[in-house]
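# Survey of secondary and tertiary structure
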2 protein chains.
Amino acid sequence: MPLEKSWVASANSSATPFPLNNLPYGVFSVGEAEPRCGVAIGDMILDVTEAEEQGLITLDDEPLFDVPYWNDLMQMGPPVWAALRARLKALLSDGAPEQDSVAPLLVPQAQAVMHMPFVVSEYTDFYAGKHHATNVGIMFRGPENALPPNWLHIPIGYNGRASSVVVSGTDIRRPWGQLKGPNDTVPRWGPSERFDIELEMGAIVGVDSDGPITVDQADANIFGYVLLNDWSARDIQAWEYQPLGPFQAKATATSISPWIVTKAALDPFRCPTPEREVELLPHLRDTGPMLYDIDLSVSLAPEGADPVTIATTNYKEMYYSSAQQLAHHSTSGCPMRVGDLLGSGTISGPNRENRGALLELSWGGKEPFDVAGQSRSFIEDGDTLSLHGHATGDGYRIGFGDCTGKLLPAGPDPYAT
Amino acid sequence: MPLEKSWVASANSSATPFPLNNLPYGVFSVGEAEPRCGVAIGDMILDVTEAEEQGLITLDDEPLFDVPYWNDLMQMGPPVWAALRARLKALLSDGAPEQDSVAPLLVPQAQAVMHMPFVVSEYTDFYAGKHHATNVGIMFRGPENALPPNWLHIPIGYNGRASSVVVSGTDIRRPWGQLKGPNDTVPRWGPSERFDIELEMGAIVGVDSDGPITVDQADANIFGYVLLNDWSARDIQAWEYQPLGPFQAKATATSISPWIVTKAALDPFRCPTPEREVELLPHLRDTGPMLYDIDLSVSLAPEGADPVTIATTNYKEMYYSSAQQLAHHSTSGCPMRVGDLLGSGTISGPNRENRGALLELSWGGKEPFDVAGQSRSFIEDGDTLSLHGHATGDGYRIGFGDCTGKLLPAGPDPYAT
C-alpha cells in the first residue's frame, strides 16, 4: 500500500510519522483548555472531541469523545473502530468535501501538551524476548541455565502496577529502596544505584473477555500498540524478586508513547514469530503473522548534551506475540478488560548493539559503554532516555511519537526524621 | 467498650456479627432492584442510598451513595468516614429520635443478594505470614532454606489481578492450565488437579498517595478490612512461577467477604506484631499496634454435606501488618489509589490445625486429611469452602460475614476444536 494523500500538506512527506495511513489516537491540551481526544495527521492534531461535537463524527447516540481518554471508543468494539477510521480517512483525505469544516479543528502539535491516551485498567509485563531473557539468564544463572525450563512453553509474565503508567515527557524521579549488595551482610535503605530502562512495545486490550480466549480472538481484541519503557531498579529487583517476582523495582514508573497506533495502521507490517525451538501446546500456537516489522531504537542524552543512539532493534525479534501473551493471560479464566496494557518484555536483538536495556548493554555493569564521551553502566541523574519506533511502508512511515523520560536525582530521604 | 444498644432488636445479641459497634459497609439488592449501598445492623441492612436520598444522611453537596460501591465515600477522606459512622450510630442507637423515619429503610439480610462492596482499583497479594512461608518453604526448598533471605526484612508481595476479585457466594470454576509434574518430560494442558484456598485478610486503601508514606500514614490511609480467599492452582503455580512469580495460578478468582469492616470498628482489637527476629530498617518498624485480634477459621462442606471446620487461626499471627505492607508498597514512589486491595498473605498459626491452606494441611498432598469421612488433599469438585472471622469484645462480636465459594467442575476444554 503506498502513501495515502491528505489535504494536510505535512502528512504527505515520506518522513512524517503521521501520514493518512497512520491516524494514531492521543489526548492533548492547548494552553489552559481541558484535555481532549485527538488524532495525529502530519504535524497537526485533529480535535476529535470538537469534530464529534460539531457532528462531523457520529458513531453512537451518546458522545464517545467528551472524555479525555479513548476507552469509550474501545468499548464500542471493532466495527465501530473501523467506522471511525474510515470516517477520519474520509475527512482528511485529499479532496475531502468537508475540508473547510475540518481545517479549523486542526491544532499544531508543537502547541499541544500530550496526556495519557487511555485509562490503564491493569498492567501486565511479559518477559517474552528470547535475546533479553537469554542475556539476563546468563548474567544471573550462567549459560547452562540461561532460560528457565518453562520459558519456551509459555510467555512468562507478571502483573505490574497500572497506577505507575505515565505518558512520555513525564520526568522520572530516581527511587529509594531496600538494597543489599553481594558484599553486604544486611540490607540498607538508599537511592537505587542501578536504575535502568527496558525497551518494549505495549499492546492495549480493547474488548472485554471473561474466560479463555484463543490466539485469534486475542489478536482481534487488541486495539493498538504504544512504545513502552519499563523503568527498572535492578538493585531493588535483585534483593526483592525471589520468590514472588519483581515488585517495587518496577513500580516507580512505566512510560508510554503518547499515540496509540491502531492494529489497522500496522496491518501491512505483520510478520511471523521466529521459528519455534520446541513445539508449543496447541492453544498457544501461531495461527498467522501477529508480530510487526517495527524498527526500534533507544537514545540517551546526558544532561545538556545531544541524544546518542545506544541500541537498535526490531519488534519482530520477539519470541511471543502480544496475541499469544493475551491468550495465555486468559487461560485460567482471568477476566481481561478494556484498557488492560500488556508490555511485550524487553526487545533485544542478536547482537550487542541490539540490546534494549542498559543491564545488557553494560553486561550487568561490568562493561561500561561510551555515550558522547561519558561512561555509562546504568542511568545517571539528568539523563534523558527516549524510545523511537516506526514501520516503513512504500514511501511512508508509521510512527508512534517518542517515548521519553528524564531521570531526576533522588529526593531527600522520604523517611528522614 | 461494651455492647452498644440499638433499637434494632437483633443487633443487641452477643452472637450477632453486626451489633451497633460494627456497622460494616456493603452493597446489596433485593429482587429486581438495582444494587445499592447498605450498612449491616443485626439481621437487617439499612439502605444507605435511600437514607441519603431522604436527607437522613448528608455528608457532601453531591450524593455519595447514588452508586453501587463505597469508593466515593472513601474518596472523601477520614473526617467524612468518621462523620458517617457517627451519623449511623445516632440513627440506629437505642432511643434515636429518627427511628420512625429509619425503620422503613431496613431490609432483612435474608432477602438481600450481596454484591462487590467496592470497585477494586488494583490488587496486591502478600506473603507475610511466617508460619505459612516457613511451611511452604520447607516443602519446596527444605528446612535449611525455608525462608528466603529477604523475608525477615521486607513484606514480600506481588501484584495480582483486580479483575479476578469476586464477592462471597460467587461459584468458582476449576481452571485449565499448563501443567508439568515432576515426572513429565513436557508440559500438558489440563484442568488443575491441585486447586487450593488461602485464608487471608484484605486491607482496603481509602486515601490516594503519590510517594513513599510512613507506616503511620499507611495505617491512617486504610479504610477497612475484609476476609479474603486467594484461590490458588498449585500445579499451575509450580510450573509458571519461576522466575517472575505467580500469574495464572492466582488469576481464576479471589473471593472477599461482602462487608467492609471499618478500622474504627476494629480499633478496640488492635494488637502488636510478634517479636521481630531481626530488626527492621527504620521506615518499616512498628510504631504501634496495627494487627488485630480476629479469630479466623476455614470450613469445608463436601457436596451435599454439612460444613466441617478444617482450620482455626488468628490475624495476630501475621509477621507484618497491612500498614507495614502498604508503606513498603509505596517506597519506590508507587502511587497507591482509593480502592486498592492488599491481601495479607496466608494466615497460618503454629500448629497443624492452624494452617490456612490445604497445601499446608495435607503437606503438599502427602498427608491427606479427613473431612466428614472423606479424604482431602486439595479441593474436590462440589466442595464449598468458607472463611469465617470475628473479633470478640465485651459481650459483643465484630464479624465480617462469611467468605464462601463453591468449586464447580472444570468446563470442557475451552480450546477443543
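First, a word on what this report is: a plain description of the structure on this page. If you're wondering where the values come from, they're calculated on a predicted model, not measured in any experiment.

A few words now on helix α3 (residues 78-92) of chain B. Given 3.6 residues per helical turn, the α-helix brings residues three or four places apart onto the same face. Taking 1.5 Å of rise per residue, 15 residues should cover 21 Å, and α3(B) covers 21 Å from first to last C-alpha, within 8% of that figure. Three or more residues of α3(B) are buried, namely B:V80, B:W81, B:L84, B:R85, B:L88, B:K89, B:L91 and B:L92.

Right, let's get into the pattern of salt bridges. Residue and element names in this part refer to chain A. Applying the stated criterion across every chain, the model contains 44 salt bridges over all chains. Two residues, R188 and E193, come together in a salt bridge whose shortest N-O distance is 3.3 Å. With relative accessibility at 35%, the residue R188 sits in the partly exposed group. The shortest N-O distance in the salt bridge between K316 and D293 comes to 3.9 Å. One end of the pair, K316, is in the loop between β21 (308-314) and α9 (322-330); the other, D293, is in the loop between β19 (291-292) and β20 (295-301), with 23 residues separating them in the sequence. By relative accessible area, D293 is classed as partly exposed at 31%. One connected set of salt bridges, linked through shared partners, spans D196, E198, D230, R234 and K250.

What follows is about the nonpolar core. Grouped together as the largest cluster of nonpolar side chains are 78 residues, with contacts concentrated most on B:M201, B:Y225, B:I294, B:I310 and B:Y315. Take this core: its biggest share by element is four residues, from strand β13 (residues 199-205) of chain B. Beyond its immediate stretch of four places on either side in the chain, B:I294 contacts B:M201, B:L266, B:T313, B:N314, B:Y315, B:G389, B:H390, B:A391 and B:F400. Residues A:V215, A:I294, A:I398 and B:W239 belong to the second largest nonpolar core, which totals 76 residues.

Residue and element names in this part refer to chain B. Read across the sheet, five strands follow the order β4-β3-β2-β1-β5 without closing on themselves; strand pairing throughout is antiparallel. On the outer flanks of this sheet lie β4 (106-108) and β5 (112-115), each paired with one strand and no other. Each strand axis lies, on average, 50° off the axis of its neighbour in the sheet, ignoring direction. Inspection of the sheet shows strand β1 (residues 25-30) paired to β5 by four bridges, in the antiparallel sense.

Next up on the list: the interface of chain B and chain A. The parts lose accessible area when they come together, and the size of an interface is often stated as this lost area. Between chain B and chain A, the contact holds 58 residues from the first and 58 residues from the second. Contact between chain B and chain A buries roughly 5200 Å² in total, counting both sides, with carbon and sulfur atoms accounting for 60%. Of all residues in chain B, the largest losses of buried area upon contact with chain A belong to B:R161, B:L244 and B:F247, amounting jointly to 16% of the total for that side. For B:R161, the salt bridge identified is with A:E122, shortest N-O distance 3.5 Å. At the junction of chain B and chain A, the tally comes to 27 residue pairs in polar contact (both at pLDDT 80 or more). Secondary-structure elements contributing two or more residues to the side of chain B that touches chain A are β6 (123-126), β7 (157-159), β10 (176-179), β11 (188-191), α7 (234-240) and α9 (322-330) of chain B. A per-element tally of the side of chain B that touches chain A places α9(B) first, with four residues.

Right, let's get into the environment of B:S297. When you line up the elements, B:S297 lands in strand β20 (residues 295-301). If sequence neighbours within four positions are ignored, B:S297 has contacts with B:T309, B:A311, B:T312, B:S386, B:L387 and B:H388.

Definitions and limits used
- Residues numbered from 1 in each chain as written.
- Chains lettered and ligands numbered in written order.
- Predicted model: local features only at pLDDT ≥ 70, side-chain atom pairs only at ≥ 80, totals over all residues.
- Heavy atoms only, no water.
- Helix = DSSP H or I, 4+ residues; strand = E, 2+ residues; numbered from the N terminus.
- Expected span 1.5 Å × (residues − 1).
- Buried < 20%, exposed > 50% of the residue type's maximum accessible area, 1.4 Å probe, protein only.
- Salt bridge = Lys/Arg side-chain N within 4 Å of Asp/Glu carboxyl O.
- Core = buried A, V, L, I, M, F, W, Y, C linked by side-chain atoms within 4.5 Å.
- Contact = heavy atoms within 4.5 Å.
- Pairing = 2+ DSSP bridges.
- Axes fitted to C-alpha atoms, helices over the stretch in contact; angles between N-to-C directions.
- Buried area = accessible area lost by both parts, 1.4 Å probe.
- Polar contact = N/O pair within 3.5 Å; in protein donor to acceptor, adjacent residues only side chain to side chain.

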